[in-house]
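Geometric and topological summary
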Amino acid sequence: MTDEISVDDLDFDPDEIQARYDYERDRRLREEGQAQYVPMADAFDVDEDFYAVGEDNRPPLDENVDVVVLGGGFGGMMMAVELRRRGVNDIRIVEAAADFGGTWYWNRYPGARCDVESYIYLPLCDETNYIPRERYSGQPEIMEHVQRIAETFSLRKAALFRTRITEVRWDEELKRWRVATDRGDDLRARFVVNASGPTGRPKLPAIAGIETFTGKKFHTSRWDFEYTGGDPTGGLHKLTDKKVAIIGTGATAIQAIPHLAEWAEHLYVFQRTPSAVGVRPNPPTDPEWAASLAPGWQRQRQEAFDAFFTGELTDLDLVDASWRKATPRVAEGLSPEDLAKQLALADMVEMRDLRNLVDSIVKDEATADLLKAWYPRQCKRPTFSADYLPTFNRPNVTLVDTSKTGGVERITETGIVVGDQEYDVDCIIFSTGFEISTGVGRIAGLPIIGRDGMTIAQRWSTELNTLHGHSVHGFPNWFFIGYSQNGLSFNYPWSANAQVEHIGYIIEQALSRGVAAIEATSEAEKDWVATIRRGSGPALQRMATCTPGYYNNEGKFGEGRGYGLFGEAYAPGVNAFRRLLSAWRDEGSMAGMSVQLGSVESDADGSTALQSAVAERQ
Ligand code: NDP
C-alpha cells in the first residue's frame, strides 16, 4: 500500500487530465458502436488453415458419447482433463484446427507471447511437472506445453481435429444432443460443453472497400508466414521489399509491430487509439526458484494474482511486479468516495509516467504525442513491451493517426486512405481483435438449438441470461465456458478453471445419479443475472467514462443489451466466484437447476443411453 496522494504534490491538475480524457473519449465514440465490425467470414476466407500439415481423411463417426467438448483450446483441454480426473472417460473433443491449442494455435504472429506471467497462465503446470522457461512464454513454448498436456492426459485419442460443428441440436426423445459436423459426423452426446472461446473468432472493421484490395491481406490470427517468411519468433525475411500496413495498436499489434518494422521495407502503423505501453524485462526462470517450488505452488500463485486485484492479498511477492505497477494501490481505511478519488489519482500518476516514458524514448515530438494514451489504464488491456516504442524511431516506420476519421476510412485496390492521403501498400495486416463482446447473440458462435427449437443466439438476443455463466434454461445438459456472468480474470485460464471444475462436478454427479436432463431454472437465471447487475454498478460507472473498446461495448456501456466485458462479470472477482461455486457444490442439491431423472443403461459401445424420464425436481 502506498501513502495517501495529495493533489498539492502532483505536477498536474487532475481536472485538466480528466477533461483531456473526456475529450479524447468523446471524439472516438461512434454512433454504430459494435456494428462497426463485421465477422471475418464476411470479408476473408476464414476456413483457410495455413498451419495444418498433411491430410486427415478419417471416416465420419456415428456414435453415442457421454460428453462432447466443443473446442480444443485451453478451456476444452482443461475440461477434458477435469472430466478424466472425475472418471468420465467417454468424451470427444471437436476442434476446427489441426491440433490442440485454440487461440495459441491460431495466434502465432511474430512476437506472440503471453502477457500474464507464464507461471500462472499456462494451465496444469503442477500436474505436468513443468516450470516455464521464461517469465512470459512465447507462442512456441506455449504450444509445447499444449502438447505436454495432450500427451500427459491422453487427450489426442478423444480429439476430432479439422472438424467444424455445423449444428448442435437437443433431441428431447433421446435426451441427447445431436452434434453434426462438416465431416459428416453424427455424435449423440448426453452432455455438451461449449469451450469454443471468444478469441477464436476474429473481427474486422467494416471499412469501405475492404474486399477490393488486390494485395495480400490477413488477420493477425491467420498469419501467412508463406508470404512474410519467418515464424512466431520473427525473421520475416520475405518482407524486405514490401510496404506493409498494420491496422490496430492493441495488445497483439504491440507484440507484432517491432518484428514487422525490423523486416519490412516500410511499415505504416494505422492507429486509432494508442495503447498504454509499460516496459518490463522477461528474465529466464531462475532454476533455484523453480527447484524451491512445492506441489500446489501454481494454484497459490494463480489465486494470489486475482486476490491482488480485489485487495485481498498481503503477500505481494507472489504477484508479477509489472501488473502490480499497472494497478494502483492506495492507503487503507478510506471511505468509498475517498478510495475512488485516490484510485483515480494513483492511476493518473501511472498514466503520466507512461506518457513521460514515450517522451523519453520516441525522438520525433509529433509521433511521441500520438503515442500517448489519455485514458485510465484499465480502460484497455494493459500492455508491456521493451521494443514497441523504440520502433517509432526507425526511418522505415510511419505512424498514421486515424483518430480524426474514426479509424481507417477506406481501402482501395492498392492501399489505405486516411484523410486526404492514400498510402500504397503491398500487404495489409488486420490487428483488429476478436468477437469478444460484439453482441450477446454472437457469444456462443455456433448454431446451438435447445429444447424448444430456439437457438442460443435467439435465446440471448435481448439479454444474456445464465446461471453462474455456464447453464441456460431451455438448453439441458449444455454448459458454456466463457467470459460472461462468471468470475473474470486478466488471467483467462484461471477464470476458465473455476468453470471447468464446476461443470465437471455437475456432469459427474449427473452421470452417477442417473440424471437425464439438468438445466438452470428460469428463476435461478433471473436471480443470478440480478446478482451480476447489482454488483456491476461500480464497473459500469468506471467503464462508462472509458475510451471506447471491447471492454465497454465500444462506449455504449449499459445501453440496450450491451454491458461490455466488465458489466457481465461477477464483481467480487474470480476467487470469490470460486468460493461461491464451491459452497454450492458442498450444499449438494443442485440448487437452481431442474433435474430430470431417468434410468440409464449401457450401450454396446460402453456409453450410456437414457430410457425414460421418471421424475422432475427443482
Ligand atoms: P484489440 O481489440 O485489443 O485491438 C484492436 C485494435 O484495432 C485497436 O487498436 C483498435 O483501435 C483497432 N481498430 C479497430 N477498428 C479500427 C479501424 N476502423 N481503424 C483503425 N484501427 C481500428 O485486439 P488485439 O488482438 O490487440 O487484442 C485482443 C485481446 O487479445 C487483448 O485484449 C488480450 O486480451 C488478448 N491478447 C492477449 C495476449 C496475451 O498474451 N495473453 C497477447 C495479445 C492479445 P481502438 O482502440 O481505437 O478501438
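These numbers come from a predicted model, not from an experiment.

Rules and cut-offs
- Each chain carries its own residue numbering, running from 1 in the direction its sequence is written.
- Given that this is a predicted model, residues contribute local features only at a pLDDT of at least 70 and side-chain atom pairs are listed and counted only at 80 or more, while totals for whole chains, interfaces and linings are drawn from all residues.
- Hydrogens and water are ignored here; the side-chain numbers use all heavy atoms of the structure.
- The helix count covers DSSP runs of H or I at least four residues long, the strand count covers runs of E at least two residues long, and both are numbered beginning at the N terminus.
- To get the radius of gyration, use the C-alpha atoms; to get the globule rule, take the number of residues to the power 0.38 and multiply by 2.2 Å.
- Partly exposed residues are those whose accessible area sits between 20% and 50% of the maximum for their type, while under 20% is buried and over 50% is exposed, using a 1.4 Å probe and protein chains only.
- To be near a molecule or strand, a residue needs just one of its heavy atoms within 4 Å of it.
- Pairing of N or O atoms within 3.5 Å defines a polar contact, subject to two protein rules: one partner must be a possible hydrogen donor and the other a possible acceptor, and residues neighboring in sequence count only if both atoms are side-chain atoms.
- Computed with the Shrake-Rupley method and a 1.4 Å probe, the accessible areas treat only the protein chains shown as cover for residues.
- Ten residue types, Ala, Val, Leu, Ile, Met, Phe, Trp, Tyr, Cys and Pro, are classed as nonpolar, four, Asp, Glu, Lys and Arg, as charged, and the remainder, Gly among them, as polar.
- Detection works on a 1 Å grid of protein atoms alone, calling trapped sets that fit a 1.4 Å probe cavities and calling open sets with protein on both sides within 12 Å along at least five of seven lines pockets, with lining residues defined by an atom within 4 Å of a point.
- Grid points are joined across faces, edges and corners, and a volume is the space filled by probe spheres set on the points.
- Take the number of residues in a helix, subtract one, and multiply by 1.5 Å to get its expected span.
- When a carboxyl oxygen of Asp or Glu lies within 4 Å of a side-chain nitrogen of Lys or Arg, that pair is called a salt bridge.
- Where each domain begins and ends is defined by an automated method or by a domain database.
- Here's the idea: put two parts together, see how much 1.4 Å probe accessible area each one loses, and the total over both is what we call buried area.
- Strand pairing is assigned whenever DSSP identifies at least 2 bridges connecting the two strands.
- Fitted lines through C-alpha atoms serve as axes, helices being fitted only where they are in contact, and the angles separating the N-to-C directions of these axes extend from 0 to 180 degrees.
- The term disulfide is used for any two cysteine sulfur atoms that are within 2.5 Å.
- Roughly parallel here means an angle under 35 degrees, roughly antiparallel means over 145, roughly perpendicular means 65 to 115, and every remaining angle is called oblique.
- Crossing handedness: left-handed means the near helix sits turned counterclockwise from the far one by under a right angle, and right-handed means the same turn made clockwise.
- Residues count as neighbours in contact if any of their non-hydrogen atoms are within 4.5 Å of one another.

Attention now goes to the overall build of the protein. Helix and strand counts for the protein stand at 19 helices and 23 strands. What you see for the protein is a C-alpha radius of gyration of 24 Å, in line with the 25 Å of a compact globule of 618 residues. Its C-alpha atoms give the protein principal-axis dimensions of about 75 × 60 × 55 Å. Burial statistics for the protein: of 618 residues in total, 59% are counted as buried.

The full set close to the ligand counts 25 residues, and Asp115, Thr252, Thr273, Lys380 and Tyr550 are the nearest of them. Contact distances for the ligand include 2.8 Å between an oxygen atom and a side-chain N or O atom of Arg272. At 3.0 Å from a nitrogen atom of the ligand is found a main-chain nitrogen or oxygen belonging to Val408. Burial of the ligand by the protein amounts to 91% of the accessible area it has alone, namely 920 Å². For the shell around the ligand, the element with the most residues is helix H8 (residues 251-263), which contributes 3 residues. Its residues assigned to classes, the shell around the ligand comprises 9 nonpolar, 11 polar and 5 charged.

With that settled, consider the layout of surface pockets. Roughly 550 Å³ of volume is contained in the second largest pocket. Contributions of two or more residues to the lining of the second largest pocket are made by helix H6 (139-152), H8 and strand E13 (383-384). Tallying contributions element by element places H8 first for the lining of the second largest pocket, with 6 residues. Tallied by class, the residues present in the lining of the second largest pocket amount to 11 nonpolar, 9 polar and 7 charged.

Let us look at helix H10 (residues 297-309). For an α-helix, the turn length of 3.6 residues means that residues three or four places apart are oriented alike. Given a rise of 1.5 Å per residue, 13 residues ought to cover 18 Å, and the 19 Å separating the end C-alpha atoms of H10 matches this to within 8%. Those residues of H10 lying buried are Trp297, Gln298, Arg301, Gln302, Ala304, Phe305, Asp306, Ala307 and Phe308. Downstream of H10 by one or two residues, Gly311 has phi in the positive range, about 75°.

Between side chains of opposite charge, a pair can form when the charged atoms approach closely. Inspection of every chain in the model, using the stated rule, returns 39 salt bridges. The shortest N-O distance in the salt bridge between Glu172 and Lys175 comes to 3.0 Å. By relative accessible area, which is 34% here, Glu172 ends up partly exposed. By relative accessible area, Lys175 is classed as buried at 7%. Lys372 serves as the salt-bridge partner of Asp359, at 3.0 Å between the closest nitrogen and oxygen. Linking Asp359 in helix H12 (residues 336-361) with Lys372 in the loop between helix H13 (365-370) and E13, this pair joins segments that are 13 residues apart in sequence. Residue classification places Lys372 among the buried positions, given a relative accessible area of 11%.

What follows deals with the domain arrangement of the protein. When its domains are assigned, the protein resolves into domain 1 (7-41 + 206-280 + 334-430) and domain 2 (62-100 + 155-201 + 436-616). Centre-to-centre separation of domain 1 and domain 2, based on C-alpha positions: 34 Å. Interface area lost by domain 1 to domain 2 is led by Arg25, Gln34 and Cys379, which between them contribute 37%. Where domain 1 meets domain 2, there are 0 salt bridges.

Looking now at the sheet that holds strand E10 (residues 243-247). Spatially, 5 strands are ordered E9-E18-E10-E11-E14 in an open sheet, and the strand pairing comes out parallel. Looking along the sheet, the strands with just one partner apiece sit at the ends: strand E9 (216-219) and strand E14 (397-401). With direction set aside, neighbouring strand axes in the sheet form an average angle of 15°. Relative to strand E18 (residues 427-430), E10 runs parallel, the two being bridged by 4 bridges. The partner of Ile246 across the bridge, within E18, is Ile429.

Turning next to the state of the cysteines. In protein structure, a disulfide is the covalent linkage between the sulfur atoms of two cysteines. Evaluated as defined, the whole model comprises 1 disulfide. In this model, Cys379 is linked to Cys546 through a disulfide, with the two sulfur atoms separated by 1.9 Å. Here the disulfide of Cys379 and Cys546 is left-handed, its torsion about the S-S bond being about -80°. On the criterion of sequence distance, the pair formed by Cys379 in the loop between H13 and E13 and Cys546 in the loop between helix H17 (537-544) and helix H18 (564-567) is long-range, its members being 167 residues apart. We note that Cys379, like Cys546, is buried.

On to the sheet that holds strand E16 (residues 415-418). As summarised here, the arrangement of the 3 strands in space is E15-E16-E17, forming an open sheet in which the pairing is antiparallel. Since the sheet does not close on itself, it has two edges, and those belong to strand E15 (410-411) and strand E17 (421-424), each with one partner.

Taken as a whole and assessed by the stated rule, the structure comprises 3 cavities of 30 Å³ or more. What the second largest cavity holds in volume is close to 60 Å³. If you trace the second largest cavity, you find it lined by Ser275, Ala276, Val277, Met351, Leu354, Arg355, Val358, Leu371, Lys372, Ala373 and Leu389. With 4 residues, the top contributor of residues to the lining of the second largest cavity is H12. Split into classes, the residues belonging to the lining of the second largest cavity amount to 8 nonpolar, 1 polar and 2 charged.

The next subject is the packing of H10 against helix H15 (residues 492-512). Where H10 meets H15, the axes come as close as 11 Å, and the angle between the chain directions of the two elements is 115°. Taken together, H10 and H15 sit at an angle that is classed as roughly perpendicular. Relative to H15, H10 is oriented so that their crossing is left-handed. Across the interface between the two elements, Arg299, Gln302, Glu303 and Asp306 from H10 touch Trp494, Asn497 and Glu501 from H15. Tallied by class, the residues present in the contact of H10 with H15 amount to 1 nonpolar, 2 polar and 4 charged.

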